[in-house]
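Descriptive analysis of the structure
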Amino acid sequence: MQPRTALAALLIALGLVGAGWFAARGMAQLRTADRYVTVKGSAEKIVDADLVVWPLAQSVGGNDLAAVQAQLEANTRTIRDFLTQAGFKDDEIVVSPPRLEDRWAYAYGSNRPPERYSYSNTVTLRTAKVKEALAAVRRSGDIVARGVMLNAEQGGGPQFDYTRLNDIKPALIAEATAAARKSAEQFAKDSGAHLGGIRTANQGVVSIENRDAGSPQIKKVRVVSTVEYFLRD
């Protein structure tokens, strides 16, 4: 074999060996990169509601429009007086525009209701005085005792909300992420691997719920984080 031919054959052989080494190295890294574990971590915190929205819906009916309007205005004053006496200010009480319905407009004969007019509105309390609002809700029967029939279905009852989520969310996310990492470390240990870096991370769902049915003014804030970690040998 001529020297030039031998040299070319040697270079080709070295190239094939090098290519095989790099290919094997790449496949090993690919297999390592493809190994990961997905874990979830959660954190919870009990907080007090800091906002109450209480819609008090009412309606009156009759055949004399002027009398119906006068009755609605009187009922509205009664509700406002109740809320004022409970310690709330005028800027915490909002009265919606009245809604008038002529129920005879499209009803005839036996389908015609006995009362022609239905006049309604909603008086809404929006306040940060949660304790005072809760006490007023428990005494709401006093409004009925004064002759005002409240429409509980239309009003929907008081809503207790927590508005300072951004103040506590970073700490909850950190706690949930730490819990996720702890689970991943245990998985890696059980599988004979070592935990690597984060592949992906998702904050997940942040929920605010009543702690229980009997305490709507006490909320449970829950954060669930989903994290994927690489596994290495």
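Now for a quick tour of the structure.

What counts, and where the lines are drawn
- Sequence order as written defines residue numbering, which begins from 1 separately in each chain.
- A pLDDT threshold of at least 70 governs which residues receive local features in this predicted model, and a stricter bar of 80 or more applies before side-chain atom pairs are shown or counted, although totals over entire chains, interfaces and linings include all residues.
- Excluding hydrogens and water, the side-chain figures rest on all heavy atoms present in the structure.
- In this text, helices come from DSSP runs of H or I with a minimum length of four residues, and strands from runs of E with a minimum of two, each type numbered from the N-terminal end.
- A helix's residues, less one, multiplied by 1.5 Å, set its expected span.
- We call two N or O atoms a polar contact when they sit within 3.5 Å, provided that within protein one can donate a hydrogen and the other can accept it, with sequence-adjacent residues counted only if both atoms are side-chain atoms.
- Ring pairs are drawn from Phe, Tyr and Trp, using the six-membered ring of Trp, whenever the two centres fall within 6.5 Å, and their geometry is named by plane angle: stacked under 30 degrees, edge-to-face over 60, tilted for the rest.
- In this analysis the charged atom, NZ for Lys or CZ for Arg, is taken to sit over a ring once it is within 6 Å of the ring centre and within 35 degrees of the ring normal.
- Exposure is judged per residue with a 1.4 Å probe applied to protein chains only, and the accessible area is read against the type maximum: over 50% gives exposed, under 20% gives buried, and values in between give partly exposed.
- Residues are treated as being in contact if the distance between any of their heavy atoms lies within 4.5 Å.
- Each salt bridge in this description consists of a side-chain nitrogen of Lys or Arg and a carboxyl oxygen of Asp or Glu lying within 4 Å of one another.
- Note: two strands are recorded as paired if DSSP finds a minimum of 2 bridges between them.

1. Observations regarding helix H2 (residues 65–85)
- For H2, which comprises 21 residues, the first-to-last C-alpha distance of 30 Å matches the rise-based estimate of 30 Å (1.5 Å per residue) to within 8%.
- The backbone nitrogen of Ala66 has a side-chain oxygen 3.0 Å away, supplied by the residue at the start of H2, namely Asp64.
- One or two steps after H2, the chain reaches Gly87, where phi turns positive at roughly 105°.

2. As for the packing of aromatic side chains
- All told, the structure shown has zero aromatic pairs when counted by the stated rule.
- Directly above the ring of Trp104 sits Arg112, whose terminal nitrogen or CZ lies 4.7 Å from the centroid.
- The residue whose ring lies beneath Arg199 is Tyr36, and the NZ or CZ to ring-centre distance is 3.9 Å.

3. Topic: the environment of Val68
- Summarising the element assignment, Val68 is placed in helix H2.
- A residue is classified by how much of its surface remains accessible, and Val68, at 3% relative accessible area, is buried.
- In this structure, Val68 is in contact with Val60, Gly61, Gly62, Tyr117 and Tyr119, ignoring residues within four places of it in sequence.

4. Some remarks on the pattern of salt bridges
- Following the criterion strictly, the structure yields ten salt bridges and no others.
- For Glu228, the salt bridge is made with Arg199, and the minimal N-O distance between the two is 2.5 Å. Separated by 29 residues along the polypeptide, Glu228 in strand S9 (residues 218–232) and Arg199 in strand S7 (residues 194–202) bring together distant segments of the chain.
- According to the relative accessible area criterion, Arg199 is partly exposed, its value standing at 37%.
- As a salt-bridge pair, Asp212 and Arg211 come within 3.1 Å of each other at their nearest N and O atoms.
- Accessibility expressed as a relative area gives 32% for Asp212, which makes it partly exposed.

5. Points about the pairing of strand S2 (residues 51–62)
- Judged by how many residues are buried, S2 sits mostly within the fold: ten of twelve residues are covered.
- Here three bridges tie S2 to strand S6 (residues 159–161), and the two strands are oriented antiparallel to one another. From the neighbouring strand, Val52 faces S6, where its bridge partner is Phe160.
- In the sheet, S2 pairs with strand S5 (residues 117–127) via eleven bridges, with the strands oriented antiparallel. By the bridge assignment for S5, Val52 is matched with Thr127.

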